Amino acid sequence: MVEHPGLESYNPEAFAKATAEAVRRLEPRLFLCAHTFTGMEIAPWVAARLGLPLVSNCLSLAVDGPDLVADRPTHGLAWQTRLRLPMRGTIVASMARGGTRQRVEAPAAAVEALDIDPAMLDVRTCIRETLRPEAGEVDISRAEVVVGVGRGVRDPSNVAVMEELAAALGGVLACSRPLVDLGWMPQERQVGVSGKEIHAKVYLACGISGAAQHVAGIADAQTIIAVNQDANAPIFRVAHYGVVADLFEVVPALIEEAKRRRVD
Ligand SMILES: Cc1cc2nc3c(=O)[nH]c(=O)nc-3n(C[C@H](O)[C@H](O)[C@H](O)COP(=O)(O)OP(=O)(O)OC[C@H]3O[C@@H](n4cnc5c(N)ncnc54)[C@H](O)[C@@H]3O)c2cc1C
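Note that the structure is a prediction, hence the values are computed from the model and not measured.

Reading the values: rules and limits
Residues numbered from 1 in each chain as written. Predicted model: local features only at pLDDT ≥ 70, side-chain atom pairs only at ≥ 80, totals over all residues. Heavy atoms only, no water. Near = heavy atom within 4 Å. Polar contact = N/O pair within 3.5 Å; in protein donor to acceptor, adjacent residues only side chain to side chain. Areas by Shrake-Rupley, 256 points an atom, 1.4 Å probe, with all protein chains shown as cover. Helix = DSSP H or I, 4+ residues; strand = E, 2+ residues; numbered from the N terminus. Axes fitted to C-alpha atoms, helices over the stretch in contact; angles between N-to-C directions. Parallel < 35°, antiparallel > 145°, perpendicular 65-115°, else oblique. Left-handed = near helix turned anticlockwise from the far one by under 90°. Contact = heavy atoms within 4.5 Å. Nonpolar A, V, L, I, M, F, W, Y, C, P; charged D, E, K, R; others polar. Pairing = 2+ DSSP bridges. Expected span 1.5 Å × (residues − 1). Buried < 20%, exposed > 50% of the residue type's maximum accessible area, 1.4 Å probe, protein only. Arc of directions from axis to C-beta.

This next bit is on the site of the ligand. The immediate surroundings of the ligand are formed by 26 residues, with S176, V191, S194, S209 and N228 found nearest. Within the backbone of R151, one N or O atom sits 2.8 Å away from an oxygen atom of the ligand. Contact distances for the ligand include 2.8 Å between an oxygen atom and a side-chain N or O atom of Q190. Coverage of the ligand by the protein amounts to 75% of the 980 Å² it exposes when considered alone. Counting only elements with at least two residues in the shell around the ligand, the list comes to α4 (177-181), α5 (212-215) and α7 (247-261).

This next bit is on the packing of helix α1 (residues 12-26) against helix α2 (residues 37-50). Helix packing for two helices is described by the angle between their axes and how far apart those axes are. Two elements in contact, α1 and α2, have axes whose closest approach is 9 Å; the angle formed by their N-to-C orientations is 55°. It follows that α1 is oblique to α2 by the angle criterion. The chirality of how α1 crosses α2 is right-handed. From α1, P12, E13, F15, A16, K17, T19, A20, V23 and R24 reach across to α2, where they touch E41, I42, W45, V46, R49 and L50. The residue inventory of the contact of α1 with α2, partitioned by class, reads 9 nonpolar, 1 polar and 5 charged.

Note on sheets: strands pair through backbone hydrogen bonds, and any given pair is parallel or antiparallel. Taken in spatial order, the 5 strands of this open sheet run β8-β7-β9-β10-β11, and their pairing is parallel. What marks the edges here is a single partner per strand, and that holds for β8 (172-175) and β11 (241-244). Strand-to-strand, the axes of this sheet are offset by a mean angle of 20°, without reference to chain direction. On the sheet, helix α3 (residues 159-168) packs against β7 (145-149), β8 and β9 (202-206) and is oriented at approximately 135° with respect to β8. Here α7 sits on the sheet in contact with β9, β10 (223-228) and β11, set at roughly 140° to β9.

Here the focus is α7. Under the 1.5 Å per step criterion, the end-to-end length of α7 is 20 Å for 15 residues, consistent within 8% with the ideal 21 Å. Turning to α7, its buried residues number three or more, namely L247, V250, V251, I255 and A258. In an axial view of α7, the angular spread of the buried residues amounts to 135°, which keeps them on one side of the axis. Exposed positions of α7 whose direction lies more than 90 degrees from the buried face are E249, E256 and R260. On its buried side, α7 packs onto α3, β9, β10 and β11. Among the residues of α7, the N-terminal cap falls to D246, whose side-chain oxygen and the backbone nitrogen of F248 are separated by 2.9 Å.

Following this line, the structure appears as structure tokens:
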């Protein structure tokens, strides 16, 4: 624990310097943080400052003899890379977000207060203003339930039934890129590398093949459910639940069931 007035509100440089100093003094085998927006800033900064190896966005970490073995996603979630790092000195690692891991009760860690020279936290970075990106009328990146529609919907007139499903589930409608390119949906609803990243509790992908560029935007969704008539569609490799069926049969049934169960 480091207490300092310069750490009262988030400043990446100050937080990274304080963290790096703690890591330098404590010399842990592993410095672990979450691959959140904060972790994405702090981890590389700490690693660079101390000249340590960094392995980011890990899906799993294991100690195997003298090595740390880390699995991390590449090309969205389409592939995984396994890295093996000899555990000499400290390794900086960040864990991917998302709901794939189980929470476990960890034993309470000892908290030690560290005195850090105030001059060490003199920083050049100052936060002048915090800006919110324009979200349009619907912000898919903040929604808890997101229904994704893809080219499998076949015709723009069918988008309405997908809107109805999203509304019945209390969620918002998002889409894959072709629907934006075709002018069927606005760009702010696009999920993926050239669209938005979603952080939903549930993502229901209907008629979406699961191209790497799309999947890159759903890595943080806690539960992914896919409806696709092609059992070999890549979306089933990342989905937690899959329905191999015609979406035009599944979606009306889901709407009916969601409306029946909904308690407003
Ligand atoms: C530089 C670059 C950036 C890109 N960025 C993005 C991005 O940000 N987001 C994005 O989404 N894509 C992006 N793409 C495009 C991406 O590569 C794919 O082309 C796109 O994601 C495919 O969209 P889709 O799954 O809707 O369509 P398709 O790949 O055509 O898949 C349609 C799916 O619907 C299924 N289907 C058809 N009919 C039915 C039915 N009746 N019931 C159920 N299933 C059915 C089919 O089996 C198929 O799997 C990008 C591409 C490039 C090159």
